[in-house]
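These are the residues of each chain, in order.
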Amino acid sequence: MSEELNDDPTKVKADPSKDFFISMLVKDITLRDAIGDLVDNAVDAIKAKASNPEALDDYEISINLDIDSFTIKDNGFGMEVDIARKYAFNFGKSHERKLTKKSIGQFGIGMKRAFFKLGSNIHINSIAPSSQFELTIDVNEWQKDTSNNWQFEFDAGKLKENILNNHSVTGLELTITKLSNDSKTSFVDKTFIDKLQKEIALEHMLNINKGLVITINGAKLSANQITLVNDDNIKPTYWEKTAQDESVKIIAGISAKDADDGGWYIFCNNRLIVAKDQTAETVWTGGKGDGVPKYHAQYHRFRGYTFFEANDSSKLPWNTTKTGMDMDSPYYKEVRSKMINMTRQVMDLLDKLKEEKEKGNPEDSQTLNKEVERSLSSPKPVLEVLKETINLDSSFHYPIALFNPIKKSKAVKITYQISPERFEAVKQSIGESNANEIGLKTFDYYYNNEI
Amino acid sequence: MSSSFEKINYSLRPNKGIERKMMCEAFNRLALLDHLSNYRYIGMGSAYFADFILFHKNLGIKDLVSIEKEEAKKARFEFNKPFSCIDIKYGNSSTILPNLELEKKKNIVWLDYDDKLSDFMFADIDTFFANSATGSLFLLSVNVEEAYLPSKQDGEQKQSLKEYRLEEMLGRVGYERLPNEFMDLNFNTKNRTMVSFEMVRRQINTTLITRNLSTENKVYYKQLFNFIYSDNATILTVGGILYDESQKDKLNEMSFSNLDFIREQDEAYRISAPNLTLREIKALDKALPDKHNIETERGKFKNKKLEEIPVIPSDIQSYAKVYRYYPNFAEALI
């Protein structure tokens with residue numbers, strides 16, 4: 001077709017080149033996010049196979065990386081030959097393509113982008129319920145072919161269709177060799193592996209909590225539970241909006257004071273997109289912005305969790321690299337406005353806790369703090385709390401009657417200055433070295449003797 | 001530092017008293033939308049509760065919430081509560097308001113701040129407009145008095161009054177909120193009023209745009225109040241009603257615009273009560289309402305009775321505008 005165009009003086013050439021395409025694709029993605037994309041695809045394949053997406057105990061994703069190769073293997077649904085042939089390797093999604101419900105990856109641009117980022121020899125081995133294949137991509141060879149041929153080829157003799165594979169054997173294994181320089185240097189760096197383990201564990205904390213096993217270089221990832229206090233005293237504030245194909249749930253309250261864990265968490269189809277956020281991306285703009293005051297020590301106990309779910313993942317308000325929210329999305333703007341409101345609700349308690357602790361208020365009088373501390377000792381997993389939202393409403397509840405700040409108006413403060421000589425004399429006489437105490441004692445002396 | 005309620009006897013602020021009564025008269029029309037007794041009043045009653053008394057007695061509202069910052073003076077506030085149906089919530093308005101379930105019933109919310117416009121007030125505006133049930137009424141009062149240079153210390157950098165006022169304004173509201181076209185103004189009382197009005201209006205718009213982004217039931221705001229008065233400092237009060245499509249007809253029926261103090265635009269209604277003696281008030285009342293509409297002919301009132309009262313004509317005109325709302329003060333032994 002491009003030949004014809006060249007002959008037509010009214011046409012302007014706009015063909016893509018593979019070199020340009022590859023360099024553009026990998027430019028905006030980090031190695032870490034490329035691997036994340038492949039994990040997302042594996043999770044999708046597992047969800048497609050799992051009969052109950054809440055129980056993923058039988059599923060595993062294992063990732064291995066070293067100086068020579070990168071492998072990721074899952075025991076999910078696999079990729080059917082027909083999907084591979086028509087859609088999975090397209091650059092850009094086809095409209096005809098039906099996506100798995102509530103997916104997070106789905107062989108969009110992420111998978112190819114990840115290939116190119118990681119290395120130049122890609123081998124895929126897929127066993128799906130009714131077909132299986134192997135496919136090898138030699139990126140350098142493919143790039144050399146400038147005949148505008150944008151195809152890959154199944155490995156000879158490895159293609160089988162219209163067969164019946166047992167569910168127990170399905171899955172996909174991806175091996176990448178001839179690693180990129182980025183990959184080589186990072187994969188031998190223990191710090192990189194460490195960070196990767198921590199971040200993947202965080203991103204998929206909900207799936208890991210549901211039983212999914214993810215290993216990276218043999219180490220099984222573990223994820224903490226996200227928690228909230230929910231008892232007779234303190235009830236989180238809850239808001240939801242559900243439509244047929246999508247829903248959003250927001251829950252906010254307090255949990256145990258672990259300085260680093262405070263802030264907002266946003267999940268899209270169970271994948272954590274924004275973690276422990278303490279910035280303007282969620283609500284913490286500072287008083288001069290449209291949100292709440294900047295995050296600081298006083299708010300360490302704050303926890304907010306937002307769960308977006310959509311059958312069609314393109315409806316989720318995340319950015320394309322899944323590293324944050326799409327701040328321009330009307331959907332996210334609406335939800336963020338709710339998040340701001342809910343943060344203010346919880347801040348009412350956090351502000352009061354601080355006020356009650358103000359200097360001069362004896363610990364025994366800090367009745368609200370005491371009660372809250374008691375509740376904080378047994379926070380509940382958020383997933384449990386969400387099962388009983390019937391008990392929650394759009395207000396944040398706490399035992400406000402216990403709030404007992406220092407009654408400033410009832411105390412009179414006296415300050416005065418005296419010469420060091422006179423102070424020293426009284427100090428000796430009273431036998432007390434603290435100036436405050438000396439002041440009190442001299443006042444008491446007058447009161448007891450003259451009043 | 002003592003609070004403003006300790007410095008000023010609220011019931012002795014005549015212009016504020018007039019404003020309150022005018023509002024009350026407007027609130028009466030809400031009855032076309034819902035029983036007034038179904039409304040909740042949320043205000044800042046301080047220790048005088050003048051607005052609470054008026055709205056409870058005149059409108060029959062029994063669900064009243066007063067937001068009070070100073071928990072430390074709780075005993076005094078509780079003691080001064082005029083009716084049992086007032087619930088005082090202690091804390092900052094920006095964290096109290098979100099927990100009042102504004103979406104669950106219609107509210108009349110009067111954010112009657114003593115202060116100059118500051119950032120936390122925008123949070124309160126946001127909370128009201130993001131959450132309130134339609135049919136709710138919003139009011140906000142702020143001090144718009146100009147700022148003055150603090151007395152200079154020796155060796156201090158000289159700063160012009162204009163620069164100082166801009167800096168003071170930015171310190172309260174932040175650079176992003178101050179509209180560009182106002183950046184170069186000298187924030188005297190007049191300009192300060194304009195810019196405060198505009199910033200409040202913008203915040204209302206922004207919040208409503210976000211709220212309407214993905215909802216079927218769009219909500220709208222109609223400004224009804226734009227008062228300016230000065231009992232001591234100059235106060236700007238703006239407010240209006242939140243409504244949806246289904247309430248549009250009722251809103252027309254309420255015909256707020258035939259109340260002459262209603263202001264739907266930028267231009268404010270100025271309340272200025274003249275100082276008059278009881279004798280003068282009685283004489284003026286007898287001649288009012290004036291069937292000649294206070295018109296004059298060759299410098300004299302058409303209404304002979306008015307002409308006979310030895311009060312300067314401009315005061316008579318001012319009084320005629322507010323006589324139905326004019327407060328009566330007298331020393332009384334109770």
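Now for a description of the structure that goes with this document. (Residues numbered from 1 in each chain as written. Chains lettered and ligands numbered in written order. Predicted model: local features only at pLDDT ≥ 70, side-chain atom pairs only at ≥ 80, totals over all residues. Heavy atoms only, no water.)

### Regarding unusual backbone geometry
A cis geometry characterises the amide bond from Leu288(B) onward to Pro289(B), with omega recorded as -5 degrees. Summarising the element assignment, Pro289(B) is placed in the loop between helix H10 (278-287) and strand E9 (296-297). You will see that Asn217(A), though not glycine, has its phi angle at about 45 degrees, which is positive. Tracing the backbone through its elements, the reader meets Asn217(A) in the loop between strand E7 (213-216) and strand E8 (219-220). Of note in the backbone geometry, Ser46(B) takes a positive phi value of approximately 55 degrees without being a glycine. Following the sequence through the fold, Ser46(B) ends up in the loop between strand E1 (40-43) and helix H3 (50-59). The class of Ser46(B) is buried, set by a relative accessible area of 10%. (Helix = DSSP H or I, 4+ residues; strand = E, 2+ residues; numbered from the N terminus. Buried < 20%, exposed > 50% of the residue type's maximum accessible area, 1.4 Å probe, protein only.)

### Focus on the layout of surface pockets
Residue and element names in this part refer to chain A. Here the second largest pocket defines a volume of roughly 850 Å³. Contributing to the lining of the second largest pocket are 21 residues, with Ile414, Thr415, Asn436, Gly439 and Leu440 lying nearest its centre. Secondary-structure elements contributing two or more residues to the lining of the second largest pocket are helix H13 (420-430) and helix H14 (435-450). The greatest single-element share of the lining of the second largest pocket, amounting to eight residues, is contributed by H14. Per-class residue counts for the lining of the second largest pocket are 12 nonpolar, five polar and four charged. (1 Å grid on protein atoms, 1.4 Å probe; cavity = no way out; pocket = protein on both sides within 12 Å on 5 of 7 lines; lining within 4 Å. Points joined across faces, edges and corners; volume = space filled by probe spheres on them. Nonpolar A, V, L, I, M, F, W, Y, C, P; charged D, E, K, R; others polar.)

### A word on the sheet that holds E1(B)
Residue and element names in this part refer to chain B. Read from one edge of the open sheet, eight strands run E3-E2-E1-E4-E5-E7-E6-E8, paired in mixed fashion. The two strands at the open ends of the sheet, each matched to only one other strand, are strand E3 (86-90) and strand E8 (269-271). Geometrically, the sheet is characterised by an average inter-axis angle of 20 degrees between neighbouring strands, direction not taken into account. The pairing of E1 with strand E4 (residues 107-116) spans three bridges and is parallel. Its bridge partner lying in E4, Tyr41 is registered against Ile108. (Pairing = 2+ DSSP bridges. Axes fitted to C-alpha atoms, helices over the stretch in contact; angles between N-to-C directions.)

### Quick word on the interface of chain A and chain B
Listed by partner, the interface residues are 28 residues for chain A and 29 residues for chain B. Roughly 2200 Å² of surface becomes buried between chain A and chain B when both sides are summed, with 44% attributable to carbon and sulfur atoms. Among the residues of chain A in contact with chain B, Lys288(A), Asn341(A) and Arg344(A) are the three that bury the most area, contributing 28% of the side total. At the junction of chain A and chain B, the tally comes to two salt bridges. The partner of Asp126(B) in a salt bridge is Arg344(A), with the nearest N and O atoms 3.2 Å apart. In terms of residue class, the side of chain A that touches chain B is built from seven nonpolar, eight polar and 13 charged. (Contact = heavy atoms within 4.5 Å. Buried area = accessible area lost by both parts, 1.4 Å probe. Salt bridge = Lys/Arg side-chain N within 4 Å of Asp/Glu carboxyl O.)

### Things to note about the sheet that holds strand E14 (residues 302-310) of chain A
Residues and elements named next belong to chain A. Spatial strand order, E10-E11-E14-E12-E13: five strands in an open sheet with mixed pairing. Of all strands in the sheet, those with a lone pairing partner are strand E10 (237-242) and strand E13 (271-277), marking the two edges. Strand after strand, the sheet turns through a mean of 10 degrees between neighbouring axes, direction not considered. Summarising the sheet, strand E12 (residues 263-268) and E13 pair through four bridges and their orientation is antiparallel. When the sheet's bridge partners are listed, Phe267 is paired in E13 with Leu272.

### Things to note about helix H7 (residues 161-173) of chain B
Residue and element names in this part refer to chain B. Relative to the 18 Å expected for 13 residues at 1.5 Å per residue, H7 spans 18 Å between its end C-alpha atoms, a close match to the ideal helical length. The set of residues buried in H7 consists of Tyr164, Arg165, Glu168, Met169 and Val173. Within H7, the buried residues cover an arc of 145 degrees as seen down the axis, which keeps them to one side. Those residues of H7 hidden inside the fold are in contact with E4, helix H6 (119-131) and helix H8 (189-212). One or two steps after H7, the chain reaches Gly174, where phi turns positive at roughly 90 degrees. (Expected span 1.5 Å × (residues − 1). Arc of directions from axis to C-beta.)

By themselves, these are just geometric observations and shouldn't be taken as functional.
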